[in-house]
Structures are given as C-alpha cells and as structure tokens.
Amino acid sequence: MNETKKPKDNYLDNHFIHKSNWLRAAVLGANDGILSTASLAIGVAAASDTRDPIVLATIAGLVAGALSMAAGEYVSVSSQTDIENADIEREKDELKEMPEIELQRLAEIYEKRGLKKETALTVAKELSEIDALAAHIRDELGINEISQAKPMQAAFASGAVFTVGGLLPLIVVLLLPLKSMEYSLYGFALFFLIILGVLAAKTGGSSVRRAIIRITFWGTVAMGLTAFVGYLFGVNI
Ligand SMILES: [Zn+2]
C-alpha cells in the first residue's frame, strides 16, 4: 500500500503546545519507571538481608518494565496507524466515487470554521485542485504531520524514558547502605517523583501543589504496599 504524503505544516514548529504533549508523555513514562522499579526494589529489600537479590530484582524489573512499555506503545500506536491508513484508503475511494459530494463536505467544514458559504466553496475548490486528498486528510480526517502516529519512534521514546526513570532506584540500590535500603529507596523515589510531578504540572499549566500531593500520596501507597508484601515474605523466608 503506498503511503500518502501527509501535508507538512512547518509554522507549527515554534509553538510550545506540540512539544508539551511529548514532554507530558516523557514525564509520565519516567514516572512509571521510577515508581514501578522503586516499588519492586523496596519489596525485595524488605524481604532480603543481602544486596544481590535486590540488585537482580531491580535490573529485571527495569528491563521487563521498559520492554513492556515499548511493546505496549508500539502495539497501541500501530493500531492507530492502521486506523489512519484505513481512513485514508476510504477517503480515496469516496473522492473517486463521489467527488461532488466530497467537495460539498469540505466546503461545509470551512463554513463551520466561519467562512462565508461562497468563500468556503472557493477555498474547497482551490485546495481540491491542488491536492484534494491532502485537503481531506488534513481538514476532514484531522490527520497532519504533528498528530501522525509513529509506532517505532513512540515505542523507543517510552522505553527510553521508562529506563531513565528506573535507573534512579537502581543507582540507589547499588550505592546506598543495605541497612536502611527501603527508606532510602522510598525517599529518593519520592524526591524524583515530586520533581517530575512539578515539571508535568508546570508544562500542563495545572496546580503544582495538587500534583505534589497526588504523587506523594499514590507513590507512598504503591511503595508502602510492596514493602508490606516484602515484609510478609521476609518474615516467612
Ligand atoms: Zn472527504
């Protein structure tokens, strides 16, 4: 199937809104990396008196988490690509079978955006003469350069940010004293999570205070519960 060239809008590059989506996804991915790896490490640290099992579990958790994030992202973004391509194929057929109706549909879209009926029809006609499919993909289906799904890129990005997040607890596990390992992991993980929470809140323009309270509460619940399970196992080993 030949890939249709999607319209390129380079004036969008200097607007922050398009970068903030990426930043938010990266912050959430790193957040996952920190929380799930730290929780796992805390659980094993609570059950173990030696460092090796904790290091092993942390590395295994980090690798498994990063790969499953990447695989999950690849699968979900690929299905979005499939949907986009199926829509584009259907659009091609509609343009072939009923060009007049499609032209009207495009004009109606511009009319809804506020153009006068005649102006809307003129714009629709002129854009259709240039590249009817491109105009319909952009203005009817809403697919453009920025929104276009890139499975491999998305998978790599989410696996990479998860790994960066998960490396932080691993460094703690490798360097800090074994005796208070659970508390060090909890403290450092919470510290990194709060920084990320503030970053996400500032990027999204939402309340920093609420972000800190939310991340502290859920971070504590997640790490606290895994520590509890670890203690239970620790007592029984
Ligand atoms: Zn159409």
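Okay, so let's go over this structure. (Residues numbered from 1 in each chain as written. Predicted model: local features only at pLDDT ≥ 70, side-chain atom pairs only at ≥ 80, totals over all residues. Heavy atoms only, no water.)

## Structural notes on the overall build of the protein
Helices and strands together make up the secondary structure of the protein, namely seven helices and zero strands. Residues classed as buried in the protein amount to 38% of the 237 residues present. Sequence separation of 24 or more characterises 75% of the internal contacts of the protein that already satisfy a separation of 6 or more. Accessible surface, the protein: about 14000 Å² in total, of which carbon and sulfur atoms supply 66%. (Helix = DSSP H or I, 4+ residues; strand = E, 2+ residues; numbered from the N terminus. Buried < 20%, exposed > 50% of the residue type's maximum accessible area, 1.4 Å probe, protein only. Contact = heavy atoms within 4.5 Å. Areas by Shrake-Rupley, 256 points an atom, 1.4 Å probe, with all protein chains shown as cover.)

## Some words on the packing of aromatic side chains
Applying the stated rule across the entire model yields three aromatic pairs. Through pairs of rings, three or more aromatic residues link up here, namely Phe188, Phe191 and Phe192. (Phe/Tyr/Trp six-rings, centres within 6.5 Å; stacked < 30°, edge-to-face > 60°.)

## So, the environment of Ala45
Mapped onto the elements of the fold, Ala45 is located in helix H1 (residues 16-47). Looking at Ala45, the relative accessible area reads 6%, which means it is buried. Sequence spacing of Ala45 and Ala227 is 182 residues, and the spatial spacing of their C-alpha atoms is 8.0 Å. Ignoring any residue separated from it by four or fewer positions in sequence, one finds Ala45 in contact with Ile54, Met181 and Glu182.

## Considering the coordination of the zinc ion
Those donors, Glu91 (OE), Glu102 (OE), His136 (ND1) and Glu140 (OE), are the protein atoms that reach the zinc ion, and they lie 1.7 to 2.4 Å from it. For the zinc ion, the four donor atoms in the first shell make angles of 80 to 144° at the metal, so the coordination geometry reads as irregular. Taken in sequence order, the residues that donate to the zinc ion follow the motif E-x10-E-x33-H-x3-E. A residue pair is termed long-range when its members are at least 10 positions apart, and Glu91 in helix H2 (residues 51-97) and His136 in helix H4 (residues 117-139) qualify at 45 residues. In this structure, Glu91 and His136 share a single accessibility class: buried. (Donors = N, O, S within 2.8 Å, 3.2 Å for Na, K, Ca; no water. Tetrahedral: all angles 85-135°; square planar, octahedral: opposite > 155°, others 65-115°.)

## Regarding the pattern of salt bridges
Pairing is possible between side chains of opposite charge, provided their charged atoms come close. Summed over the entire model, instances satisfying the criterion amount to eight salt bridges. Among the salt bridges present, the one from Asp87 reaches Arg90, with a minimum N-O distance of 2.9 Å. Of this pair, Asp87 and Arg90 both sit in helix H2, separated by three residues, roughly a single helical turn. Relative accessible area serves as the criterion here: at 25%, Asp87 is assigned to the partly exposed category. In this structure, Glu102 engages Arg105 in a salt bridge whose closest nitrogen and oxygen atoms are separated by 2.8 Å. Placement of the pair is Glu102 and Arg105 together in helix H3 (residues 99-112), with a separation of three residues, close to one helical turn. (Salt bridge = Lys/Arg side-chain N within 4 Å of Asp/Glu carboxyl O.)

## Some points on the packing of H2 against helix H5 (residues 151-175)
Viewed as axis vectors pointing N to C, H2 and H5 meet at an angle of 165°, and their least axial separation amounts to 8 Å. Between H2 and H5, the interaxial angle falls into the category roughly antiparallel. In the crossing of H2 with H5, the sense of the turn from one axis to the other is right-handed. Of the residues belonging to the contact of H2 with H5, the class tally is 19 nonpolar, nine polar and two charged. (Axes fitted to C-alpha atoms, helices over the stretch in contact; angles between N-to-C directions. Parallel < 35°, antiparallel > 145°, perpendicular 65-115°, else oblique. Left-handed = near helix turned anticlockwise from the far one by under 90°. Nonpolar A, V, L, I, M, F, W, Y, C, P; charged D, E, K, R; others polar.)

## A short note on the nonpolar core
Among the nonpolar cores identified, the biggest contains 22 residues, and Val173, Met181, Leu185, Leu193 and Met223 are the most heavily contacted of them. Mapped onto this core, the elements with two or more residues apiece are H1, H2, H5, helix H6 (181-204) and helix H7 (208-236). Broken down by element, this core gets its largest block of residues, eight residues, from H1. Leu103, Ala107, Ala124 and Ala135 belong to the second largest nonpolar core, which has eight residues in total. (Core = buried A, V, L, I, M, F, W, Y, C linked by side-chain atoms within 4.5 Å.)

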